[in-house]
Amino acid sequence: MYIIIQDMRCSLIDKIENQKLHHTPTPKISRAYLLGALHDSTKSRYTYRICQKYPDYIQLLSEGIKTLGCKSWTYKEGKERNLYVVEFGQGLLKGYTLSTLDDKIDYVRGYFDSEGSVPRNISARYYIYFA
């Protein structure tokens, strides 16, 4: 009996690992997530502007904003700087409030992605940091 259970456990683990290698789900960008990510943004008269040194993150935000039905635009700021920007209209979040547990979880995800960190060194004491 133990061998069968052990084999089932191994095949399940193999299946999960195989899915991780071949399928990377697109993270969900919601209004709540954007509200959290705004902790690292600037606000102009009509738009929000999120800056980041990683262009992939900016592209991810831009695509997520578009799936929410709002236009966004991205660009690199300056010729010599490694700074990428996504801008979108404030109307997307106007009047939006967190109401469900999922909204609150998405908000924390966005806040952490913009202002949080964990240690890079694996041997360091583990902590989660929000600025």
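Since the structure is predicted, the reported quantities are computational estimates derived from the model, not experimental observations. Within each chain, residues carry numbers counting from 1 in the order of the written sequence. Under the rules for a predicted model, residues below a pLDDT of 70 receive no local features and side-chain atom pairs below 80 are neither given nor counted, while totals for whole chains, interfaces and linings still include all residues. Where side-chain values are given, they derive from all heavy atoms of the structure, hydrogens and water being excluded.

**Thoughts on the confidence of the model for the chain**
Now for step 1: Here the chain shows a mean pLDDT of 82. Residues at 70 or above account for 79%.
Now for step 2: Across the chain, each position has a pLDDT score giving the predictor's confidence in that residue, from 0 to 100. Note on definitions: a residue-residue contact is assigned when non-hydrogen atoms from the two residues lie within 4.5 Å. Within the model, the stretch residues 1-13 combines pLDDT values under 50 with 0 contacts to residues more than four positions away or in other chains.

**Brief notes about a nonpolar patch on the surface**
Now for step 1: On the surface, V108, V118, Y126, I128 and F130 cluster together into a nonpolar patch covering about 490 Å² of accessible area.
Now for step 2: Going along the chain from the N terminus, every DSSP run of H or I of four or more residues is numbered as a helix, and every run of E of two or more is numbered as a strand. Of note, V108 is situated in helix α4 (residues 101-115).
Now for step 3: A simple rule labels every residue: compare its accessible area, found with a 1.4 Å probe on the protein chains alone, to the largest value its type can have, and call it buried under 20%, exposed over 50%, or partly exposed in between. Taking the relative accessible area as the measure of exposure, V108 reaches 44% and is therefore partly exposed. Only residues above 30% relative accessible area that lack a salt bridge enter a patch, with like-charged residues linked at up to 9 Å and the nonpolar side chains Val, Leu, Ile, Met, Phe, Trp and Tyr linked at up to 5 Å. Accessibility throughout is a Shrake-Rupley quantity obtained with a 1.4 Å probe, and a residue counts as covered only by protein chains that appear here. Within this document, salt bridges are pairs made up of a side-chain nitrogen of Lys or Arg and a carboxyl oxygen of Asp or Glu, the two lying within 4 Å of each other.

**A closer look at the pattern of salt bridges**
Should their charged atoms come close, side chains of opposite charge can pair.
Now for step 1: Tallying each qualifying case throughout the model produces 5 salt bridges.
Now for step 2: Taking the shortest distance from any N to any O, the salt bridge between D106 and R109 comes out at 3.3 Å. Linking D106 with R109, this pair stays in helix α4, spanning 3 residues, or about one helical turn.
Now for step 3: Since its relative accessible area comes to 29%, R109 is described here as partly exposed.
Now for step 4: Salt bridges sharing partners connect three or more residues here, namely R49, E77, R81 and E87.

**A look at the nonpolar core**
Now for step 1: Definition of nonpolar core: a set of buried residues of the types Ala, Val, Leu, Ile, Met, Phe, Trp, Tyr and Cys, connected through side-chain atoms within 4.5 Å. In this structure, L34, I50, L61, I65, F88, L92 and L93 are the most contacted members of the largest nonpolar core, which totals 17 residues.
Now for step 2: Secondary structure elements with two or more residues in this core: α2 (31-37), β2 (47-52), α3 (55-67) and β4 (84-89).
Now for step 3: The element contributing the most residues to this core is α3, with 4 residues.

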